[in-house]
Amino acid sequence: MEPSYDVVIVGAGHSGAQAAIALRQNAFDGTIGIIGDEPDLPYERPPLSKDYLAGDKAFDRLLIRPEGFWKERGIALELGTRIVAVDPNAHAVATDNGHTIGYDKLIWATGGAPRRLSCAGTDLAGVHTVRTRADVDQMKLEVGKVDRVAVIGGGYIGLETAAVLSQLGKKVVLLEAMDRVLARVAGETVSRFYEDAHRARGVDVRLGVAVDCLVGEDQVTGVRLSDGTILPAKLVVVGIGIVPAVRPLLDAGARGGNGVEVDGLCQTSLSDILAVGDCALHANRFADGDWVRLESVQNASDQATVAAKTIAGLKAEYNAVPWFWSNQFDLKLQTVGLSTGYDAAMVRGDPRSRSFSVVYLKRGRVIALDCVNSTRDYVQGRRLVLGRLTPDAQRLADPAVPLKELEG
Ligand SMILES: Cc1cc2nc3c(=O)[nH]c(=O)nc-3n(C[C@H](O)[C@H](O)[C@H](O)COP(=O)(O)OP(=O)(O)OC[C@H]3O[C@@H](n4cnc5c(N)ncnc54)[C@H](O)[C@@H]3O)c2cc1C
């Protein structure tokens, strides 16, 4: 007989795991099955481009819960299994090995697949992405044999990977199509700071460059830019974002596009189907209600908790303040809020001191902070973002004034 669960969770990543944990925490005693296409127990992805790539953390320290936890809580894990179709009328999903699994409630928690370059050469050996343990294990096997690495994409993952690889002694060139790194997520001060930090550590940061193709026979040997320059590299890392893994849901009729649309309770437009994490497109109060997809541990955990509560009959709207972190070299960036659409940015402290923060404002209200080696501002600034407060500009710009004094 085909299996069936009260709750089926598709995706054994951060949000899928957290949804199951939160269901049990909220006294849900029905059957739960998590179906994931990776072979591994649920694990944390952030270390993949940080200490795991550097070799400073073993894989078992990435596990979200130890192996025994899932059995003890009566949560079935079907790993190495991909869901290829959803039938909302029959309340069933189809696996890639020809099985059907029934559900009462379905939580779609599939994250996304790395966006691929659309040019020639992306299938050559030595071309990597950084999304899964398998991606990084393969990269680690090859990295010892190469001197030169090209990283394509100056977002968080590209920068973190470049930092680790340069610390491993590789000559790294980082290629960014825009005129600054982190252009999508941070203001110019933060971008320039990170460009300088990477250059000071020997990373060759090139901005405003277009990749024409990757060159090589079977093995990649370099990156050709649109001006014809060929940059030699036997290892190429592509970090240009993700494409949300929502095809089966959209094919089943769910509303969406760049992700699947969910309401404040994490419900999709299909009844009994919820979605959470990187794949969930939602109206976010910290983006003035605009539809966004957030790719962060915070969002994955908080949406998963909301979805679990929705299923457990405890209504809890998703309203969490976004936060994120990134580690590069000895620099810890912590962000709170969403800076998109800011009309003023105030720098607290001197970036040359390697400890500063940037406060983003919109019509005088604080909407976000980026804090570099400045945990105090990060912790205290949170309330300014939560309340969208309008502190005095002069005092805000003075790093000697603690942000908690500006709440009044
Ligand atoms: C290298 C890296 C570094 C990061 N660093 C940070 C950081 O410093 N701070 C931070 O806040 N966030 C960071 N993130 C982002 C964070 O890890 C993600 O936001 C989070 O993992 C999202 O959780 P998720 O459950 O939505 O997706 P995922 O964790 O990606 O899990 C989705 C799972 O579903 C599986 N799946 C997809 N389709 C199917 C299917 N059809 N059937 C079955 N299984 C399927 C996927 O293979 C995957 O295992 C980082 C991400 C990466 C990749």
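Residues numbered from 1 in each chain as written. Predicted model: local features only at pLDDT ≥ 70, side-chain atom pairs only at ≥ 80, totals over all residues. Heavy atoms only, no water.

Enquirer: Pulling in residues and values, what's your account of the site of the ligand?
Expert: Taken together, 31 residues are adjacent to the ligand, and Ser15, Asp37, Glu38, Lys50 and Arg131 come closest. Contact between the ligand and Trp325: an oxygen atom at 2.9 Å from a main-chain N or O atom of the residue. Across the complex, the protein chains shield 96% of the 990 Å² of accessible surface that the ligand would expose by itself. Counting only elements with at least two residues in the shell around the ligand, the list comes to helix H1 (14-25), strand S2 (32-36), helix H8 (297-311) and strand S22 (323-328). Considering only residue class, the shell around the ligand consists of 12 nonpolar, 11 polar and eight charged. (Near = heavy atom within 4 Å. Polar contact = N/O pair within 3.5 Å; in protein donor to acceptor, adjacent residues only side chain to side chain. Areas by Shrake-Rupley, 256 points an atom, 1.4 Å probe, with all protein chains shown as cover. Helix = DSSP H or I, 4+ residues; strand = E, 2+ residues; numbered from the N terminus. Nonpolar A, V, L, I, M, F, W, Y, C, P; charged D, E, K, R; others polar.)

Enquirer: Account for unusual backbone geometry, with residues named and values stated.
Expert: Phi is positive for His91, close to 55 degrees, though the residue is something other than glycine. As for its placement among the helices and strands, His91 is situated in the loop between strand S4 (83-87) and strand S5 (92-95). We note that Asp272 has phi near 70 degrees; this positive angle belongs to a residue other than glycine. Along the polypeptide, Asp272 turns up in the loop between strand S18 (259-262) and strand S19 (273-275).

Enquirer: I'd love a proper account of H1, names of residues and values included.
Expert: Taking 1.5 Å of rise per residue, the 12 residues of H1 would be expected to cover 16 Å, and the 16 Å separating its terminal C-alpha atoms lies within 8% of that figure. The buried fraction of H1 amounts to 11 of the 12 residues, a majority that puts the element mostly inside the structure. The secondary structure elements touched by the buried residues of H1 are strand S1 (4-10), S2, helix H3 (67-72), strand S3 (75-79), strand S6 (100-108) and H8. Just past H1, the residue Ala27 takes up positive phi, approximately 65 degrees. (Expected span 1.5 Å × (residues − 1). Buried < 20%, exposed > 50% of the residue type's maximum accessible area, 1.4 Å probe, protein only. Contact = heavy atoms within 4.5 Å.)

Enquirer: Explain the packing of aromatic side chains residue by residue, including any values.
Expert: In total, this model carries nine aromatic pairs according to the counting rule given. Look at Tyr43 and Phe59: their rings are 5.2 Å apart centre to centre, the planes differ by 65 degrees, and that puts the pair in the edge-to-face class. With Tyr43 in the loop between S2 and helix H2 (51-54) and Phe59 in the loop between H2 and H3, the pair connects residues that are 16 residues apart, well separated along the chain. Each member of the pair Tyr43 and Phe59 is classed as buried. Here Arg133 stacks its cationic end above the ring of Phe59, 3.7 Å away from the centre of that ring. Lys140 extends its terminal NZ or CZ atom over the ring of Tyr52, reaching a point 3.7 Å from the ring centre. (Phe/Tyr/Trp six-rings, centres within 6.5 Å; stacked < 30°, edge-to-face > 60°. Lys NZ or Arg CZ within 6 Å of the ring centre and 35° of its normal.)

Enquirer: Describe the sheet that holds strand S13 (residues 220-225), naming the residues involved and giving the relevant values.
Expert: Read from one edge to the other, the open sheet built from three strands follows the order S12-S13-S14, with strand pairing classed as antiparallel. Lying at the two open borders of the sheet, with one neighbouring strand each, are strand S12 (211-216) and strand S14 (230-232). Neighbour to neighbour, the strand axes of the sheet diverge by 25 degrees on average, direction disregarded. Where S13 and S14 come together, three bridges link them in antiparallel fashion. Along S14, the bridge assignment pairs Gly222 with Pro232. (Pairing = 2+ DSSP bridges. Axes fitted to C-alpha atoms, helices over the stretch in contact; angles between N-to-C directions.)

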